[in-house]
Amino acid sequence: FVLFESMSLHTKEFPGIDIKIPNCENFMDFKKIINEIDFIITKCPFIQHEAEFLRFEGIDVGSQWISFVVSGVVSVTVGSILLNNIAAFVDKCIIIRSHYLTTIQQELEVQKSQIEQNEKDELIKNINRIYKIHIENAIKELEEKTGCKISDGDERGRAEQSLQKMGELIDKGLQIYSSIDSPKETKALFEPLEMKYLSIEQELKAIEDKKNRERKKEESDE
């Protein structure tokens, strides 16, 4: 993978990130997740910077954590611009994913309703349009936050794909933290994300518990 290029540098000299890989049932699932991360890191316009880049540092032995350090010209006064951008991107991915799940729920409610099919189609069309507006607004806000301006349709497409892919990975359990050797300024960028990860974990657990209760009820009714 492009992701796994290595150089003889030391993590402690650079700020960086640690990525918690979601639990995988088999190697193919693990490979797919790595490919998704590779796409986001190498293709997302908001994670590209002319003076900095992420370099794969290693895998934590006995766990599913992979580490990256920032290489290039890291400003002494403002820290890593790239890590600032990554934190902003991940935060926006969580927000967009929430909008997406709301959209799916609204579509299901419309489909279950007793209204005419043409009215259902119109409502679903409007629901999807609102979701697209959320994405458009998110990209615009990221452009302002990161200083990275989307130049064409191809870049916009890669930005939208990256938002979607990261949201899905976070749903599965992926988490991104500042590396243990990062300066406190870098750690502060990612600390607000920790509570959001916890909230997502609790929400997913509640959904899983509900599914288990419904399955047990169905089995007892048989």
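Note that the coordinates shown come from a computational prediction; the quantities given were computed from them, not determined experimentally.

Caption draft 1: A look at the overall build of the chain. Looking only at helices and strands, the chain features 5 helices and 4 strands. Secondary structure of the chain in N-to-C order comes out as β-α-β-β-α-α-α-β-α. The proportion of buried residues among the 222 residues of the chain is 37%. When contacts within the chain are restricted to residue pairs at least 6 apart in sequence, long-range pairs at least 24 apart make up 69% of them. When the accessible surface of the chain is summed, it comes to about 13,600 Å², and 52% of that surface belongs to carbon and sulfur atoms.

Caption draft 2: Focus on the sheet that holds strand β1 (residues 16–20). Read from one edge to the other, the open sheet built from 4 strands follows the order β2-β3-β1-β4, with strand pairing classed as antiparallel. Unpaired on one side and paired on the other, β2 (52–59) and β4 (175–178) mark the two borders of the sheet. Neighbour to neighbour, the strand axes of the sheet diverge by 25° on average, direction disregarded. Against the sheet, helix α2 (residues 81–112) makes contact with β1, β2, β3 (65–72) and β4, and its axis sits at roughly 75° relative to β2, the strand it touches most.

Caption draft 3: Molecular detail of the confidence of the model for the chain. Mean pLDDT over the chain works out to 85, with 85% of the residues at or above the 70 mark. Mean pLDDT values over the elements of the chain span from 76, in helix α5 (residues 184–221), up to 95, in helix α3 (residues 117–146). This stretch, residues 1–12, has a pLDDT under 50; its non-local contacts, to residues over four places away or in other chains, come to 27 contacts.

Caption draft 4: Quick look at the side chain of E143. Along the chain, the position of E143 falls in helix α3. For the buried E143, no salt bridge is present, and the opposite-charge side chain at shortest range is R156, 4.5 Å distant. Residues within four places of E143 in sequence aside, it is in contact with F46, C148, K149 and I150.

Caption draft 5: Geometry of the pairing of β1. Buried residues dominate β1, accounting for 4 of its 5 residues. Pairing of β1 with β3, which is carried by 5 bridges, proceeds in the antiparallel orientation. Considered in β3, the bridge of K20 is made with W65.

Caption draft 6: Representation of the packing of α2 against α3 in the model. With their axes 10 Å apart at the nearest point, α2 and α3 run at an angle of 175° to one another. One element, α2, and the other, α3, form an angle in the roughly antiparallel class. Grouping the amino acids of the contact of α2 with α3 by side-chain chemistry returns 12 nonpolar, 8 polar and 5 charged.

Caption draft 7: Spatial organisation of α3. Its 30 residues place the ends of α3 43 Å apart at the C-alpha level, agreeing with the 44 Å of an ideal helix rising 1.5 Å per residue. What α3 keeps buried is the set K120, I124, I127, Y131, I135, A138, I139, L142, E143 and T146. Buried residues along α3 sit against α2 and α4 (153–172).

Caption draft 8: View of the packing of helix α1 (residues 27–43) against α4. One can describe the packing of α1 onto α4 by two numbers: an axis separation of 10 Å at closest approach and a directional angle of 140°. Between α1 and α4, the angle is such that the two are oblique. At the point where α1 passes α4, the crossing takes the left-handed sense. Facing α1, whose interface residues are I33, E36, I37, F39, I40 and K43, α4 presents R158, Q161, S162, K165, M166 and L169. Here the contact of α1 with α4 is composed, by residue class, of 6 nonpolar, 2 polar and 4 charged.

The rules behind the values
- Residues numbered from 1 in each chain as written.
- Predicted model: local features only at pLDDT ≥ 70, side-chain atom pairs only at ≥ 80, totals over all residues.
- Heavy atoms only, no water.
- Helix = DSSP H or I, 4+ residues; strand = E, 2+ residues; numbered from the N terminus.
- Buried < 20%, exposed > 50% of the residue type's maximum accessible area, 1.4 Å probe, protein only.
- Contact = heavy atoms within 4.5 Å.
- Areas by Shrake-Rupley, 256 points an atom, 1.4 Å probe, with all protein chains shown as cover.
- Pairing = 2+ DSSP bridges.
- Axes fitted to C-alpha atoms, helices over the stretch in contact; angles between N-to-C directions.
- pLDDT = per-residue confidence, 0-100.
- Lys, Arg positive; Asp, Glu negative; His and termini not counted.
- Salt bridge = Lys/Arg side-chain N within 4 Å of Asp/Glu carboxyl O.
- Parallel < 35°, antiparallel > 145°, perpendicular 65-115°, else oblique.
- Nonpolar A, V, L, I, M, F, W, Y, C, P; charged D, E, K, R; others polar.
- Expected span 1.5 Å × (residues − 1).
- Left-handed = near helix turned anticlockwise from the far one by under 90°.

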